[in-house]
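Structural description and commentary
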Number of protein chains: 2
Amino acid sequence: MTAYDKLMDHARATRALEQVAGRLGWDQETMMPPGAANQRAEESAAMEAVLHARRTDPQVGEWLEAAAPEGDVAAAQLRLIRRAYDRATKVPADLATEIARVTSRSHSQWAAARADVDWPAFVPVLEEVLRLKREEAAALSGGGDLYDALLDDFEPGATGESLAEMFGALRPRLVALREKILDRPAPEPLRGRFDEAAQLRLTHTVAEAFGYDFQRGRIDLAVHPFSSGSGHDVRITTRTDPKDPFGALYSTIHEVGHGAYELGIDDGYLLTPLGHGVSMGVHESQSRIYENQIGRSRAFCGWLYGRMVETFGEMNLGGPDAFYAAVNRVESGFIRTEADEVHYNLHILLRFDLERLLMAGDLAVADLEDAWDARFEADFGRKVEKASDGVLQDVHWAVGLFGYFPTYTLGNVYAGCLMKALREAVPDLDAALAEGDTSPATDWLRENLQQHGGLRGPRETIAKACGFEPSEGPLLDYIEAKFGALYGL
Amino acid sequence: MTAYDKLMDHARATRALEQVAGRLGWDQETMMPPGAANQRAEESAAMEAVLHARRTDPQVGEWLEAAAPEGDVAAAQLRLIRRAYDRATKVPADLATEIARVTSRSHSQWAAARADVDWPAFVPVLEEVLRLKREEAAALSGGGDLYDALLDDFEPGATGESLAEMFGALRPRLVALREKILDRPAPEPLRGRFDEAAQLRLTHTVAEAFGYDFQRGRIDLAVHPFSSGSGHDVRITTRTDPKDPFGALYSTIHEVGHGAYELGIDDGYLLTPLGHGVSMGVHESQSRIYENQIGRSRAFCGWLYGRMVETFGEMNLGGPDAFYAAVNRVESGFIRTEADEVHYNLHILLRFDLERLLMAGDLAVADLEDAWDARFEADFGRKVEKASDGVLQDVHWAVGLFGYFPTYTLGNVYAGCLMKALREAVPDLDAALAEGDTSPATDWLRENLQQHGGLRGPRETIAKACGFEPSEGPLLDYIEAKFGALYGL
């Protein structure tokens, strides 16, 4: 066996164990009996210890020295193995353990602080998390930029500087658009009560319309929707609210997008480093293009309106146009996860700028709430009245996920680029969508992007699929055109 | 840290990983999308490789040399750790791998042979499995009895010789009883169609009646009912048949018995070697006493009859006596898993005698079918007409489980002993059972047996709970009295 083959065997078993650990997480959110939580923590910790030992196994370092890959695919596999090994071995074991311990505790401290609307109680907790993450970033960066070192975990190759430039171009146009929209009369929202079992049946219909492969996946209920797994076992979850069927429907479409990416990867990459989505940003581009550019399009909404009427009877919305307007209703709100396409990225930009300041040492945690509230008022035109609507709303920082937020907006930007290319490649897409047939879109995405998994870097993956270098332009054009038409601007 | 503490930390993480691997098995039978089977095989193999490496870790051997446990509990933990380490290290790695490979393949070869009713096609497969298992037994036994070496995996401390003596006393009385019963008119069976969703609701009611803890467990559908897990996460499965609600009800009670044993173990033993059932025989004693001695008693059947009428309306059975007779209807059949309390152990005795001959080299696989058929006719008074009703019916030998069968009957024998002791300890048990209250029985079992987990050896566990040495007498007395009364003998 060559060193390369040994590396691949090792990586394959590690990937298989990662799938097991991931499914343990799925089980915890969907199936686990409530009384099993403490035992589960020990089980998960034991799996993490096994994985950590494998990821830092000195044999991997030796094989990497000796490996001579042949061809592009082998070179890409090796690049990802080397990258994972370097990152795993750069962080001292004691620090990794300390971060795991502190963030496990800070997760519940954050939940308590949010429930109590008690930001001061959370300040020392977040200070400690930030201190440890800066230490980790220093170990990873080797003297380079701290924020970039963490960002690289989620979006290999991206830098805070390049994202700041892109996001800087988004912000003024989005702020201007939201101001114009909110001066216009709001469309009627959907009203009523919607049977939750019927909602679930409809999410299955919609998942099928988006080509979700139930032979290699399933949909279950969970408190927070998510997608889990790679290869031949990619499960998604959803949730229902009797007053808001859009929540179940669009979170399902979103997760189907994530799932389709994993399920669409070339079978030859199964359980290898190439066999999963290349970055969080590219992943989010798939969930967002399914959810927004396709799922919230006028054409698809026409078909969905028919399914809604079949399922729930006539609604307070007179027809597909009013339905489309309700689906895309723009509202200024405090909460990121409830935001529409116009506001969503403004939420992210706020977080991105603040977390870069925190990481650079230019903003103290003690001053974070004031900075948040000032920025929110500037961009959203409203005052934050309680921390649970502001700086305490997201779990990410509490558990050390600095550098994660920008991948949401990067995903939206990438989705904008992909939709532009897709519209050019499939000029009659809307005719199919109006029949509930998404296959011209999903086939194009699988063929041009999903199948390649981790073969190329994230930005290169998008550029290759689109035929042009990604930028924020197509997303802004799409948003301005869509909402301009909807609001008669 | 002392060597003992290191051993316990290691054992605890290993137990946690075993729980993860076990839950992967549960998932495979209940939740896994069908297209995930091949990937799952790799995931399971990766987990097994991790577990094998831990079980044979030379550090464990060193710590065992150095460990000085204090007290009975520590001594018992150490005994089980030593036992597991010795067994894991005695079998050469190549042989273990070969057995895993061959039995994985032979499982599907058996299924095909059974479907095709083609015993000759399966003979060479079983010969190979037997050859490998005899080799494994030789490695384990160190010159001792081959059968005992394998039996010891399932029932530590038991020997083929001692079981043969016990089973020899069972056989003539059971054969005589079944002949007398089959001369009598058979009671009316339950007839009709029973809504499967309603059956599932009733299995939940019945599981609750037996104290199953849904905070630490759940019930799902699977092709074959089973119980899975230890500690705080013990799940069971059931199946429904529209023509036979007894299948769902009594397989559920059976699995609740297994589950109650695991859930009843002292919390101080969580994720330690003592923290699971001590042997297959003692496990089966719990499932059987729940299912048969309690669940099929006249008192409990009276309560269950009421629940059946509530759920399904009036049945073709006129009242609780006829219901009790239908639940306990004796029928001579070819299939072990469908057998009643009178016939069940005769099925096991047949397999036990034949597998001992195979293991000793006194019966060739080529002659196994003839030996099976002759013995079946002698004990059951019927000729086997196809191998799928005879020698091909069970999966056990195909996957190398020699020495497993006798634990079923040993469990029945132990259940007989426990019921005798329980009846003496709780004289008014039937009054509670008639109200659907099993707690006097389940509390007694938890207090006297379940909580102790692996603290004592299997036979000692039963003796300690009963206050007398276990023997086949109480089971025979119970069966003869119950069925003598039912059939007016």
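None of these values were measured; they are calculated from a predicted model.

Criteria and thresholds
- Residues numbered from 1 in each chain as written.
- Chains lettered and ligands numbered in written order.
- Predicted model: local features only at pLDDT ≥ 70, side-chain atom pairs only at ≥ 80, totals over all residues.
- Heavy atoms only, no water.
- Helix = DSSP H or I, 4+ residues; strand = E, 2+ residues; numbered from the N terminus.
- Rg over C-alpha atoms; globule rule 2.2 N^0.38 Å.
- Buried < 20%, exposed > 50% of the residue type's maximum accessible area, 1.4 Å probe, protein only.
- Contact = heavy atoms within 4.5 Å.
- Lys, Arg positive; Asp, Glu negative; His and termini not counted.
- Charge placed at Lys NZ, Arg CZ, Asp CG, Glu CD.
- Core = buried A, V, L, I, M, F, W, Y, C linked by side-chain atoms within 4.5 Å.
- Domains from an automatic or database assignment.
- Patch = residues over 30% accessible without salt bridge, like charges linked within 9 Å, V, L, I, M, F, W, Y side chains within 5 Å.
- Areas by Shrake-Rupley, 256 points an atom, 1.4 Å probe, with all protein chains shown as cover.
- Salt bridge = Lys/Arg side-chain N within 4 Å of Asp/Glu carboxyl O.
- Buried area = accessible area lost by both parts, 1.4 Å probe.
- Polar contact = N/O pair within 3.5 Å; in protein donor to acceptor, adjacent residues only side chain to side chain.
- Nonpolar A, V, L, I, M, F, W, Y, C, P; charged D, E, K, R; others polar.
- Pairing = 2+ DSSP bridges.
- Axes fitted to C-alpha atoms, helices over the stretch in contact; angles between N-to-C directions.
- Parallel < 35°, antiparallel > 145°, perpendicular 65-115°, else oblique.
- Left-handed = near helix turned anticlockwise from the far one by under 90°.
- Expected span 1.5 Å × (residues − 1).
- Least-squares fit on C-alpha atoms with pLDDT ≥ 70 in both.

1. Topic: the overall build of chain A
For chain A, the count of helices and strands is 20 helices and three strands. By the compact-globule yardstick of 23 Å for 489 residues, chain A fits well, its C-alpha radius of gyration being 23 Å. With the C-alpha coordinates of chain A rotated into their principal frame, the extents come out at 65 × 50 × 50 Å. Expressed as a percentage of its 489 residues, the buried residues of chain A come to 57%. Of the contacts made within chain A by residues no fewer than 6 positions apart, 74% connect residues no fewer than 24 positions apart. Both charge centroids of chain A, one from 50 positive and one from 77 negative side chains, sit 1 Å from each other.

2. Regarding the nonpolar core
Of all hydrophobic cores here, the largest spans 129 residues; its most connected members are Trp 119, Met 308 and Phe 323 of chain B. Built from parts of two domains, this core gets at least three residues from each of domain 1 (3-154) and domain 2 (157-489) of chain B. Setting aside residues up to four positions removed in sequence, Met 308 of chain B forms contacts with Leu 190, Leu 202, Pro 245, Phe 246, Leu 249, Gly 313, Met 315 and Phe 323 of chain B. Within the second largest apolar cluster, 123 residues are counted, among which are Ala 209, Tyr 290, Val 413 and Leu 429 of chain A.

3. Topic: a negative patch on the surface
Residues and elements named next belong to chain B. Negative charge collects at one region of the surface, where Asp 195, Glu 196, Asp 241 and Asp 244 lie side by side. Inspection of the secondary structure assignment puts Glu 196 in helix α9 (residues 196-209). Taking the relative accessible area as the measure of exposure, Glu 196 reaches 33% and is therefore partly exposed.

4. Side note on the interface of chain B and chain A
Contacts between the two partners involve 36 residues from chain B, matched on the other side by 36 residues from chain A. Taking both sides of the interface into account, the surface hidden between chain B and chain A amounts to around 2800 Å²; carbon and sulfur atoms contribute 58%. Counting across the interface, chain B meets chain A through eight salt bridges. Here Asp 233 of chain B ties to Arg 40 of chain A by a salt bridge, and the two come within 3.4 Å at their closest N and O atoms. Our count for the chain B to chain A interface comes out at 16 residue pairs in polar contact (both at pLDDT 80 or more). Elements supplying a minimum of two residues to the side of chain B that touches chain A: α1 (3-30) and α2 (37-55) of chain B. Counting residues per element, the side of chain B that touches chain A draws most heavily on α1 of chain B, which supplies 11 residues. Of the residues contributing to the side of chain B that touches chain A, the split by class is 17 nonpolar, nine polar and 10 charged.

5. Quick notes on the sheet that holds strand β3 (residues 235-238) of chain A
Residue and element names in this part refer to chain A. Strand order in the open sheet formed by three strands is β1-β3-β2, with mixed pairing between adjacent strands. Pairing within the sheet leaves two strands with one partner each, and these edge strands are β1 (219-221) and β2 (227-228). Relative to β3, β2 runs antiparallel, the two being bridged by two bridges. Within the sheet, the bridge partner assigned to Ser 228 lies in β3 and is Arg 235.

6. Here's the deal with the packing of α1 of chain B against helix α4 (residues 71-90) of chain B
Residue and element names in this part refer to chain B. Packing of α1 against α4 leaves a shortest axis separation of 11 Å and a crossing angle of 60°. If you check the angle between α1 and α4, you find them oblique. Crossing of α1 over α4 shows left-handed handedness. Across the interface between the two elements, Tyr 4, Leu 7, Met 8 and Ala 11 of α1 pack against Ala 74, Gln 77, Leu 78 and Ile 81 of α4. Looking at the contact of α1 with α4, its residues break down into seven nonpolar, one polar and no charged.

7. A word on the pattern of salt bridges
Within the structure shown, the criterion is met by 80 salt bridges over all chains. Arg 40 of chain A is paired through a salt bridge with Asp 27 of chain A; the nearest N and O atoms lie 2.9 Å apart. With Arg 40 of chain A in helix α2 (residues 37-55) and Asp 27 of chain A in helix α1 (residues 3-30), the pair connects residues that are 13 residues apart, well separated along the chain. For the residue pair Arg 40 of chain A and Asp 27 of chain A, the accessibility class agrees, reading buried in each case. A salt bridge links Arg 235 of chain B to Asp 233 of chain B, with the shortest nitrogen-to-oxygen separation between them at 2.7 Å. Of the two residues, Arg 235 of chain B and Asp 233 of chain B, both sit in the buried class. Counted as one network, the salt bridges with shared partners bring together Arg 23, Asp 233 and Arg 235 of chain A together with Asp 27, Arg 40 and Glu 43 of chain B.

8. Topic: the domain arrangement of chain A
All names here are of chain A. Once the domains are mapped, chain A shows domain 1 (3-154) and domain 2 (156-489). Counting from both sides, the interface comprises 44 residues of domain 1 and, opposite them, 61 residues of domain 2. Counting the surface lost from both domain 1 and domain 2, the interface buries some 4400 Å², and carbon and sulfur atoms represent 68% of this. Area buried by domain 1 at its contact with domain 2 is led by Trp 119, Tyr 147 and Phe 154, which between them contribute 21% of it. Between domain 1 and domain 2 we count one salt bridge in total. The partner of Arg 23 in a salt bridge is Asp 233, with the nearest N and O atoms 3.3 Å apart. Our count for the contact surface shared by domain 1 and domain 2 stands at 17 residue pairs in polar contact (both at pLDDT 80 or more).

9. Let's talk about the pairing of β3 of chain A
Residue and element names in this part refer to chain A. Burial along β3 is two-sided: the face carrying Arg 235 and Thr 237 and the face carrying Ile 236 and Thr 238 are both buried. Bridge analysis of β1 against β3 gives three bridges, and the strand direction is parallel. Paired with Leu 221 across the two strands is Thr 238, which belongs to β3. Linkage of β2 to β3, two consecutive antiparallel strands, is achieved through a turn of six residues, within which Gly 229 is found at a positive phi near 105°.

10. Details of the sheet that holds strand β2 (residues 227-228) of chain B
Residue and element names in this part refer to chain B. Pairing is mixed across the open sheet formed by three strands, whose spatial order is β1-β3-β2. Two strands close off the open sheet at either side, each with one partner strand: β1 (219-221) and β2. Along the sheet, helix α10 (residues 245-264) makes contact with β1, β2 and β3 (235-238), crossing β3 at roughly 165°.

11. Re helix α8 (residues 160-182) of chain B
Residue and element names in this part refer to chain B. The end-to-end C-alpha separation of α8 is 31 Å, in line with the 33 Å expected for 23 residues at 1.5 Å each. Residues of α8 that are buried: Gly 160, Leu 163, Met 166, Phe 167, Leu 170, Leu 174, Val 175, Leu 177, Arg 178 and Ile 181. Where α8 is buried, its residues contact α7 (146-154), α14 (344-360), α15 (368-380), α16 (406-425), α19 (458-466) and α20 (473-486).

12. Details of the relation of the copies chain B and chain A
By a simple turn and slide, chain B fits onto chain A: the slide is 0.0 Å along the axis, the RMSD is 0.0 Å, and the turn is 180°. The relationship between the two copies is best expressed as a two-fold rotation axis. Taken together, the interface assignments show that 100% of the residues at the interface of chain B recur at the interface of chain A, consistent with an identical surface on both copies.

13. Structural notes on unusual backbone geometry
Residues and elements named next belong to chain A. The backbone of Val 117 shows a phi angle near 50°, a positive value even though the residue is not glycine. Along the chain, the position of Val 117 falls in the loop between α5 (93-116) and α6 (119-141). We classify Val 117 as partly exposed; its relative accessible area is 38%.

14. Things to note about the environment of His 224 of chain B
All names here are of chain B. With respect to the element layout, His 224 can be found in the loop between β1 and β2. Take His 224: its relative accessible area is 54%, and that puts it in the exposed class. For the pair His 224 and Ser 251, spaced 27 residues apart in the sequence, the C-alpha separation amounts to 9.4 Å. What His 224 contacts, discounting residues up to four positions off in sequence, is Thr 237 and Arg 239.

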